[in-house]
Amino acid sequence: MKEIKNNNTENESFLATWLAGDISDKELKNLVSEADFIAYKKIKKGLLVLDSFEQPLSGSFVKIQDKIVQKKERKQKRQNLGWGMSIAASLLVLFGLFSMFNNSEIIIGTANAEQKTIFLLDGSEVVLNAKSEISYYKEEWNANRVVKLTGEAFFKVKKGSTFTVKTAYGDVMVLGTQFNVNAINDYFQVTCFEGKVKVINNQKDYILNPTNSYRKINGNAFEEFNTSTPLPTWINGESNFKSVPLKYVIFAIEKQYNIEIDANNINGSQIFTGSFSHNNLEIALASVFRTMNINYNKKEKGIYILE
Amino acid sequence: MIKDLNNICNQKVFEKIYHAYAKDLKRFLYFKTQDMDLAEDIMQDAFVKLWDNCGNVNYDKTKSFLFTVAKNLFLNIKKHEKVVLNHQKYQLRKSNDETPEYLMIEKEFLVKIEDAIASLPEKQKEVFLMNRMEKKKYKEIAEILGISVKAVEKRMHFALVIMKDKIGNV
């Protein structure tokens, strides 16, 4: 049976040319029976359907993100409500205030022991560490990508115009890149993870390349050093310090665990190098204070005293 | 917390969910709509809905959430367009008595095609897969295999004849 068919079609190739689109359905119709014509058409359609099932879907994912970005503004307001009444209330007041100027400031913050991922209007991503806050002006965003930061955040910036992070201790400017900014209690540190980052402090510029860090503590001269991790360690649940005065480490523990630490009896300017994890307070306290030979005692719930 | 692997609001987790279910969802929608573009649209909208509700959806129920949302989106569109569609079908039948443009592709039919491809003789299968899966032109296949373009075309032609016989008339 197959032999015969093989002989019959030995010199024929019109189905191949039809499948490639070089001869039309109409021409095919003249070459085969009506039933065969429909059968071939359905096979071709089935093959095309199979093809599209196999196509990579990353293009669609970009479109989904576009749709999400278009809805972003509404979303961010909704996200804010989840962060506790205090923030919601202050937001309402601010919206009220700024609607008078027809330019609303969006403020997004985290409480102690909380982290949050935020998408900005251009699709840039900000991961806020505990007790941190960013704000920006919605109407100005397209002309001016400027975000104000207090606390610590990791930025993944979409390519585009200059992106500026303003802090009380200096500004950080980039085009499209990934970097971490920590600006709290006179502690200012910027780490670049991808691309190039410009730090502006006291009218001076510093350019950071990947793995470079810039740090300035409490008005001292700035230092530059290198990091080896591909992401800030706090994103993976660990805070890391390299020759940092102990009092800043204590601030960080207080933020991460929402506790109070009484450090009046110790010297807060001792230098600490090391890390603490975000998921177990006992281990965190031990890993910082045991290594420094400092005793810590629980005074009452959430309050610790150092000696 | 960002490190929570079950938090759908985490961009990384969301992307992982997308790659896990997008293909299945699109397939499911295609068999409902018989329209690849529409299936794609509804699939995208279902994921946007998931993102909107990322804080409320239980991680373990993500899949059923996506499929339920997709089904509802499809039903809404269908309800909305029912009248229009009926009208179109009626017109189609009138103007295209001889060549039915509207061929339903069912799940079972695709399985039949896949089976038929798998059972092709080795030479035909080789050419067929290079053309369909690797998207190579007949000319490129001829160069790779060191045979004439005509020979490639003959193998393709024969592959289609075998497939049609295997699948049977529809």
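From a predicted model like this one, the values you see are computed outputs, not experimental measurements.

For the rest of this paragraph, the subject is the overall build of chain A. Regarding its fold elements, chain A presents eight helices and 18 strands. A separation of at least 24 residues holds for 42% of the contacts in chain A among residues at least 6 apart in sequence. Approximately 15,300 Å² of chain A is accessible, and the part contributed by carbon and sulfur atoms is 50%.

Residues and elements named next belong to chain A. Residues of strand E10 (residues 197–201) alternate between two faces, with Val197, Val199 and Asn201 buried on one and Lys198 and Ile200 left unburied on the opposite face. Strand direction decides the pairing type here: strand E7 (residues 170–174) and E10, joined by four bridges, are antiparallel. Residue Asp171 lies in a different strand from E10, and its bridge partner there is Ile200. Relative to strand E11 (residues 204–208), E10 runs antiparallel, the two sharing five bridges. Within the sheet, the bridge partner assigned to Val199 lies in E11 and is Tyr206.

With 71 residues, the main nonpolar core has Phe14, Leu25, Met43 and Phe47 of chain B as its most contacted residues. Among all residues touching Leu25 of chain B, those that are not within four sequence positions of it are Met43, Ala46, Phe47, Leu66, Phe67 and Ala70 of chain B. Judged by nonpolar contacts, the second largest core, of 29 residues, contains Leu128, Ala153, Val172 and Val181 of chain A.

Residues and elements named next belong to chain A. For strand E12 (residues 212–217), a buried count of six out of six residues is recorded, marking the element as mostly surrounded by other parts of the structure. Burial of E12 is two-sided: the residues Asn212, Tyr214 and Lys216 facing one way and the residues Ser213, Arg215 and Ile217 facing the other way are all buried. Sheet analysis places strand E9 (residues 187–194) next to E12, joined by five bridges and oriented antiparallel. Within E12, the position partnered with Val190 by the bridge is Tyr214. One ladder, built from four bridges, connects E12 with strand E13 (residues 223–226); its direction is antiparallel. In the sheet register, Tyr214 faces E13, and the bridge partner there is Glu224.

All names here are of chain B. Mean pLDDT over chain B: 85, with 85% of residues reaching 70 or higher. No element of chain B has a lower mean pLDDT than helix H3 (residues 62–95), which averages 76, and none a higher one than helix H6 (residues 138–145), which averages 94. Counting contacts from residues 93–99, a segment whose pLDDT is below 50, to residues more than four positions away or on other chains yields five contacts. Note on the complex model: pTM 0.47, ipTM 0.80.

Outside of glycine, negative phi angles account for most residues, and trans bonds account for most peptide bonds. Of note in the backbone geometry, Lys131 of chain A takes a positive phi value of approximately 50° without being a glycine. Mapped onto the fold, Lys131 of chain A is located in the loop between strand E3 (125–128) and strand E4 (133–137).

A cluster of basic residues, Lys32, Lys71, Lys78, Lys82 and Lys107 of chain B, forms a positive patch on the protein surface. Broken down by element, the positive patch gets its largest block of residues, three residues, from H3 of chain B.

What counts and what doesn't
Residues numbered from 1 in each chain as written. Chains lettered and ligands numbered in written order. Predicted model: local features only at pLDDT ≥ 70, side-chain atom pairs only at ≥ 80, totals over all residues. Heavy atoms only, no water. Helix = DSSP H or I, 4+ residues; strand = E, 2+ residues; numbered from the N terminus. Contact = heavy atoms within 4.5 Å. Areas by Shrake-Rupley, 256 points an atom, 1.4 Å probe, with all protein chains shown as cover. Buried < 20%, exposed > 50% of the residue type's maximum accessible area, 1.4 Å probe, protein only. Pairing = 2+ DSSP bridges. Core = buried A, V, L, I, M, F, W, Y, C linked by side-chain atoms within 4.5 Å. pLDDT = per-residue confidence, 0-100. Patch = residues over 30% accessible without salt bridge, like charges linked within 9 Å, V, L, I, M, F, W, Y side chains within 5 Å. Salt bridge = Lys/Arg side-chain N within 4 Å of Asp/Glu carboxyl O. Lys, Arg positive; Asp, Glu negative; His and termini not counted. Charge placed at Lys NZ, Arg CZ, Asp CG, Glu CD.

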